[in-house]
Structures are given as structure tokens and as C-alpha cells.
Amino acid sequence: MIEKNYQPADIESRMSVVWEDSLAFKAGRPDRRDAVPFTIVIPPPNVTGSLHMGHALNNTLQDILCRFERMRGRDVLWQPGTDHAGIATQMVVERQLMERQQPGRREMGREKFLERVWQWKAESGDTIINQLKRLGASCDWSRERFTMDEGLSKAVVKVFVELHRDGLIYKDKRLVNWDTKLLTAISDLEVQQTEVKGHLWYLRYPIEGKTFSPDDPASFIVVATTRPETMLGDTGVAVHPDDERYQKLVGKHIILPLVGRKVQIVADDYSDPEKGSGAVKVTPAHDFNDFEVGKRHGLRQISVLDKEGCLDLLDNEDYLRDLPEGAAQFAEEFHKVDRFAARKRIVERLEAFGFVERIEPHTHTVPHGDRSGTVIEPYLTDQWYVDAKTLAKPATAAVRSGETSFVPKNWEKTYFEWMENIQPWCISRQLWWGHQIPAWYGPDGKVFVAETEEEAVSHALGYYVEQEVITAEQGREMALDRNKREGFITRDEDVLDTWFSSALWPFSTLGWPDATPEVQRYYPTNVLVTGFDIIFFWVARMMMMGLHFMKEVPFSTIYIHALVRDEKGAKMSKSKGNVIDPLHLIDEYGADALRFTLAAMAAQGRDIKLATSRVEGYRNFATKLWNACRFAEMNHCAVPDGFEPAKAKQTLNRWIAHESAHTTREVTEAIEAYRFNDAAGAIYRFVWNVYCDWYVELAKPVLLGPDGPAKAETRAMVAWARDEILKLLHPFMPFITEELWEVTAKREELLALAQWPLKPSGPTPEQLAMLAAATGPTESLVSPMLVMPIFDHADFTDPKAEAEIGWVIDLITQIRSVRAEMNIAPATLTALVLVGASAETKERAPRWIDVIKRMARLSDISFGDRAPDGAVQLLVRGEVAALPLKGVIDVAAESARLDKEVAKADADIKRAESKLANEKFVANAAEEVVEEEREKREAALARKAKLLEALERLKQAS
């Protein structure tokens, strides 16, 4: 029996247990042994994470696909797991140690610290997984993986060793994003560009061979910089080759102020003649663009900062080389001074000698670490790199050929731009938590890369014996006795970038590098659902690794969803105070309401503007469904054995079968095309408008009337249509639908495993071939899970029933609309004249006259050859229906009211258009504010159109 009130929290906890106990989401169930597999790998959330709105959207869409395909008979594997999140996790544990006033990481040592991290993971690492379960994620939780699992770690080591052997991983000295607080390189994704109000310093660089004077422009070149402290590492000044002002100076030198180093003037397209003085300082070791300029011209790379962001001048051979006498004193004075303090002191020194031409206020973006909050330093250091350019070629070709496609397709352009301009991928991190790089160094620094320490030792000893660094006897002794080789080779302390292990996720989670049955059956996966911000960091790298190691793309479709913003369109951030917590919404309105909201708003390529009121609205939608099911139960509606909706005799019942079939096709086609909002919209309209507002209302006279065949058929059809609704709605609102499925009838199977109403088109030839390879001959595909019921109701149509019931609905709807427009009170009954009615209308109208009068608030319905005077005429399915309003409304007063409303709408339109026509407003206002004005204008235009339509109708009544 259905409870009186819909209580989401009670249902969610109960249904979660039911699903878990029944192993409903387990891949490879015996009843799906011969079914075509469908695989999605979850984008693994950080183990430190907590469910945010991006997770909620991403996992809702994945779950819709998985539940949909599971109901269509597929063997679904939704592979769950979490990412070890190197920096984030290490920071959490270090902060915990500090708060508890316990020894820090360095004091503990690597081994003890890692033990503490694993302890933290065991205690707190399941938070995000439990939150995903609350959302209703139907993953195969028995297969949950972690990027630091033994199996995944084995895959990481094998990939590193093989790529190194193939020359695709190497060590190099290049610029990286360096976090001076965390003391590690970080990826571009971990860098936030923050707008800062700073200064632009215009510096005079003396030209070699000329006597410098601030009053003589011919004696110097002016360069502009936002970072004067890095000038100590300048090794070039760049001017544009076409800039006539400097053409005679190209190839000559300037003398670097304060330092005295000779610096070459080079011609390079990087310099913009229209910007500033047209000359730029080149600091290859402290700027990414300068690094490339320096490579093109063979300029020295002089790093003048240390890992902590302090000037590093003493004992710095690169800096001290070729300096004139006296420069060492300057190095002593500024050595180990913090970069920002050094900036101030260097500018003061430059001003004292006349080297500063002017200083201007300057707003610019400065990179900050997203976790440390410190200013990120471009830093020249030895790191491990992947030759991404080589790996990117087949990954790019796979998308060009259509082997893998993006939805929406426009993201392919972004993918190609990134892939075709790809840089070497820095994969080493100066952390302890993560996959330690499998590289060992000999006494002379030679690198030995191997899967195990024993293998590395063997290679090293063999090499040094061959080089006669040690004797063969020493080599044998060291191989046998660990103590004798202690310190002979040492392991690289760095760990791999978290994205390295994530790049292997589609196949490492299935057991690779072992040849497991899961790899054979579930790889490649079908679709990846992810956000646009990690197309390069994760999607592209999975494509590279999948093609290189598996020789197949990891997924055939990449669905890119948009951002979830606040209701005004602003990006959510803690600083703005506009973050919406999905767990709070689940507590308040239920997981189903949140899921449906996100799906209903997930239009391709359009960000979601999330308002709490929308979630509340869809909670009300769930309540309406709940009450409709209670009504059916109270009226003893049930589907009898052997019931066939196609054989229904009552027009109303044949109509609901027709509408149900139409909606089933709509929902199915929309999900298949990843149009989640269209699918949600179709099922919403069917449930609220078609089933609840019309079918149940029109069926009430029969259900409340005397027993008989019509009543029995209607009871069966109300229950049948309810069950179809539960099936169609289940992927979107799994908890409430599973609950109602369980309590409305005695059923042998869960709704999660029930058959989808529309027969799938069947497996593709590629899927059949893959399945044959994995499970045997394709004849075995004829399994119970792929055979649909005799009545595939989505093929059912009844145009005659639709024409009749559709006419009733359209007529009532239009009458109600006119009454609302004209402010006619509900208690006031009006007459209706069906003008020049066709034979069909004359035949069907008497059957529905009582229903129409009750629902449209009519006193009488009659037929006539022409419309009475003072009547508003409605066109209903090509025929005229007249509503006599003479004496019912005050036409003049109503016209005046509508004129006022039109004037208000005009004022709103004018106000919005005035703002949008203001170029300054559009350029300076926040994106969401401009969009809000556009929406106001569109709403006012739509309101005005309706008002003008109402005024036109009033003219008929005057």
C-alpha cells in the first residue's frame, strides 16, 4: 500500500539497500551472460573530495545512460573508483598533522608519512563514494577501484617502463609551473589565473658602446615588465623584425642594469611593435614565452630564483658567469631575498641610477596555485616528460576519422587545436603521495628504468661491470647481498602526475596488463561523460594511452556537458558565496528531484542556471506522480494477467496507449542522442499534462461510475500506463519509481532490471563481432534479455482516438485560456457554440458534453451556422468554436487594462534594449548580468505578444 505522503529520505535509504542486496548493478550477471555489453568508466573523483554540483550533473547523466541500457537488456558495467589526488591528499594529511601538533612530513620520513596517508584513506576515503550512492549512482560497487590499488599501480609502472623504452618518456630541463609553497611542479589545471592590480615598469636598458644618459633616448632601449626582479636573468631583448626603429640595433647588445651582463638584441615576431615601446626583455628561465624565444635564438637560460621563490645568486654559476668586477657584491646583497621584497629593492636601485623611465598602474592576470594560493613561478628544472606530440597523432586521427566522436560536435575543434599544438607533458611531481617513478640512479647519475628494484639493480650492476667501474666479483656479491649494494643506486624520489594514472583508467580498472576476461569483454568502453575543462588533461591522454597500449580507442563517444551555474548565470565559487550544495538539496527535496532538475536543464552546449525553486518544482512533480499512483490504488486499478492494451475498446484508453507510445519513442530517441533535456521534458509532459491532468481526470467519471467492462478496462489501462511511466521515468528518478513499482503490484523483478518499453534496434555488427570473440558464436545472442514482449507498445498508434481526445483537450484548453485572459471569474459560466461543425464533431461532442461543460466552466454547448454577435472565436483543429461574452465582461474596462499591461511590457522592452545597446555596459558588465537583461527583453516581448493577441480577441467581443 502506498503511504499517504511522499517522503524522499525514507524511500532513498530503503531502495539503496534493496539494490545492494539484490546485486542489481553487478556487471556480468548470469541473466546477462549473452547480452551485448555497455561500459562507462566514471571520471574518478578525488579521494579527498565531497560531492559538488559538477559531480551531481556528471553522475546523473551517466546514471541515466546506464539505467536506460540496463533496462534495454545490456550487460552494463559502470566502473566506479576514486583518484589518489596527489597534491590534495598530501595537503590534507599534512594539515591534519599540523592541527594535531604532530611531527611533520619531513620529520616523519617518507615511509611513516605514507603509512599515515593510507590510514587517512581507510578512515575518510569513502566519503565521496557514499555521497554518489546517495545520488542514486548505479555503479557496480563490487568493482570499485583506486588509482593506487596494487593492480592499477602495476599498470602504471608497466606503462612508464614501456614508454621510456620506446623513447616516449625522457628527462629534460624545461620550464614548469612551480608552486613555491608546496615545492612541486603542478599542471595547468591546478593553476588559477587571477586578475591583480599591479604595475608596469618601463626600464631603460643602456646600449653597449654608448654613454648612458636618461636624457638621451639614443643611448638606451626601453622595455616594459611586470616583474622587475626577473631582469637579473635577462639574456636577450627582442624587437620585431619589421620594426624600423630597431633594425640597426639587431645583433648588437645592451648592458643589463645593476648586473653588467652583455645581452643580445634579437629580431623575433613575438615582439609587438604596437605594444609599449615595441621592445621586450627576454628571460628564458622565468617566462614560458621567453623560453621559446630563447630556444629560437640560442639564448642562455639563467635561473635567478630558488625553489622557495627567493633570489639565488651566490654559488649560481649560470648567473655569475661573464659578470664584470663588482657584480658579486650585488649578488651577496640580494641573495636569498624573497622575490617580492627583491622587486621593491631592485626598483629602488634602478630608480636611483635613472634606469626607470616611468611606472604605470596595470591590471593583469597572475597565475596562482589553486591549492596553495601562492603566485606560481615559471621555473627551470629537471623533470620527466612524455613525448605527447608523437602519442597525439593517432589520437587526433581517431577523432578525425569518426572512430571517436564528440557530442556536441563543436568540441572536436577544441580537441584538435590542443592536440595539434601539444607540448611535452611534464609527469613528475615533487611529492611523496603517488606512484613513485620507477627510475634509479647510479653513482654517476646514470638512469636505470625498470619495473622492480631487483631488475634495476641487475641492469645497473651489469652496466658498471661492463664499464669496469666495479669488478664482476663485486657485481655478484652486490647482487646477492643487499647490504653490500646499499646506496649504490638510489630511487627517484618524485612521483607521477595524478593524470598519468588516470590516463590508463579505461583499461587498468579492468585488470590490464593481465589478459583478464573483463578487458576482453568491456574494452573499449561505449561513452565517456565529462566536463569540457578536462578534455586535454584527461580525455586526450586516455585517447593517447588507449590507442598506444590497447590499439583501440577507449570510447566511441565523448559527451561533454556544460557548467552548473547559479540562477543568475554566475559561476559558483566560495568567494562569491553562491555555491549550491547538492547534498543540502538532496536532504531538502530528495535525490530524484535534484537529478531530474539537472537532466531537464542539460541542453547540449548550454550552461545550467540552477535555482533552488526548480528543484522544489520537480519535487512537486514527484509528489504529483505519487498522488496519481495513490489515486489509482484507491480505485483498485491493476493490470490483470494477459492484459493487452492494443485490444482496448474505449476511445480514452486507446488514446493513452497512443500517447504512451509516442512518448516512449520521444524519450528513447532523445536519450540515444544524448538530448537529456528533451527526454526529461517529454516524460514530464506525459506524466503531468497527459496522464495526470487529462487522462486521469477524463477517466474519473468511468472509475467512479458503475461496474462494467468499461470500468474494468479503464482500471487496467490506468495501471498499465502508470507502469509505463515508471519505466520511462526510472533512469531519471530511480528511487521513487522503484518504490512505486514495488508497492503497486506483486512483481518478480526490480524496476531497475525491468524491460524498457521500446525494443532496441539491436547490436551493431561491430558489437556482434566483439561479443562473439568474448563469449562464443553470435547465435547465443538470442537470449531472454534481448527478446521483447509480444506487444511492443511503442509501435502502437490510433489516429482516430487521438483526433477525438485531442479535440476535447484542445477545446477545453483554449476556453480556459480565454477565460484567464479576460479575467472571467471561475463562478461565471459561459455558453459555447460549435460553428459549422463537421460530422465527426457532431458525432463525438455528445459523448463529452458533460466533461467539457464541467472542465471548461460552461453553461451550455450548442451547434450553430454562425458565431453569435459579441463572441470570441476560437479555431480548434480547423473548426470554429464561439464563446459569447456580451454581457459577461466589460469590454472597455478589460481593453483599458490590457492596454496598460502592453505599456508596461513596452517599458520593460525599452529599458532592456537601452542597456543592451550600450556598448560600455555589454563590455564591462558580468556575463550573467548581460544575459539576464537579454532574458528580460525576451520575456517582455513574449508577454506583449500574448497581450496583443488578447486585445485582438476583445475586438471580436465588442
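I will try to describe carefully the structure that is included in this document. This one's a predicted model, so the numbers in the text were calculated from it and none came from an experiment.

Here the focus is the sheet that holds strand 22 (residues 525–531). The sheet built from three strands is open, its strands ordered 15-23-22 with parallel pairing. Here the strands that pair on one side only, and so sit at the sheet edges, are strand 15 (405–407) and strand 22. The average angle at which neighbouring strand axes cross in this sheet is 25 degrees, direction not considered. Where strand 22 meets strand 23 (residues 555–561), six bridges bridge the pair, whose relative direction is parallel. Of the residues in strand 23, the one forming a bridge with glycine 531 is histidine 561. Contacts between helix 19 (residues 535–550) and the sheet are confined to strand 15, strand 22 and strand 23, with strand 22 contributing the most and set at about 165 degrees to the helix.

Taken in spatial order, the four strands make up an open sheet running 6-5-14-16, and their pairing is antiparallel. At either margin of the open sheet sits one strand with a lone partner, and together these are strand 6 (184–186) and strand 16 (425–426).

Looking at where threonine 147 falls in the secondary structure, it is placed in the loop between strand 4 (145–146) and helix 7 (150–165). At 2.6 Å, the side chain of threonine 147 and the side chain of histidine 84 are in polar contact. Every residue in contact with threonine 147, bar those within four places of it in the chain, is listed here: Thr82, Asp83, His84, Leu152, Ser153, His435, Ser501 and Trp505.

It is worth spelling out the pattern of salt bridges at this point. With the rule as written, the count across this model stands at 66 salt bridges. Here arginine 245 ties to aspartate 243 by a salt bridge, and the two come within 2.7 Å at their closest N and O atoms. Taking the shortest distance from any N to any O, the salt bridge between aspartate 723 and arginine 747 comes out at 2.9 Å. One end of the pair, aspartate 723, is in helix 25 (residues 709–729); the other, arginine 747, is in the loop between helix 26 (734–744) and helix 27 (765–775), with 24 residues separating them in the sequence.

Bringing unusual backbone geometry into the picture now. Look at the link from tryptophan 512 to proline 513: it is a cis peptide, with omega at 20 degrees. Mapped onto the elements, proline 513 comes out in the loop between helix 17 (505–508) and helix 18 (517–522). A positive phi angle is found at glutamine 101, which is not glycine, with a value near 55 degrees. Inspection of the secondary structure puts glutamine 101 in the loop between helix 3 (86–99) and helix 4 (105–108).

Rules used throughout
- Numbers given to residues run from 1 along each chain, matching the order in which its sequence is written.
- Selection of residues for local features in this predicted model requires a pLDDT of at least 70, selection of side-chain atom pairs for listing and counting requires 80 or more, and totals for whole chains, interfaces and linings are taken over all residues.
- Excluding hydrogens and water, the side-chain values take into account all heavy atoms of the structure.
- Only when DSSP finds a minimum of two bridges between them are two strands counted as paired.
- Here a strand is any run of E in DSSP of at least two residues, a helix any run of H or I of at least four, and the numbering for each starts at the N terminus.
- Helix axes are fitted only over the stretch in contact, all axes being lines through C-alpha atoms; the angle between N-to-C directions runs from 0 to 180 degrees.
- Contact definition: two residues touch when any of their heavy atoms are within 4.5 Å.
- Polar contacts, as used here, are pairs of N or O atoms within 3.5 Å; protein pairs need one atom able to donate a hydrogen and one able to accept it. Residues neighboring in sequence count only if both atoms are side-chain atoms.
- The salt bridge criterion pairs a side-chain nitrogen of Lys or Arg with a carboxyl oxygen of Asp or Glu, the two atoms within 4 Å.

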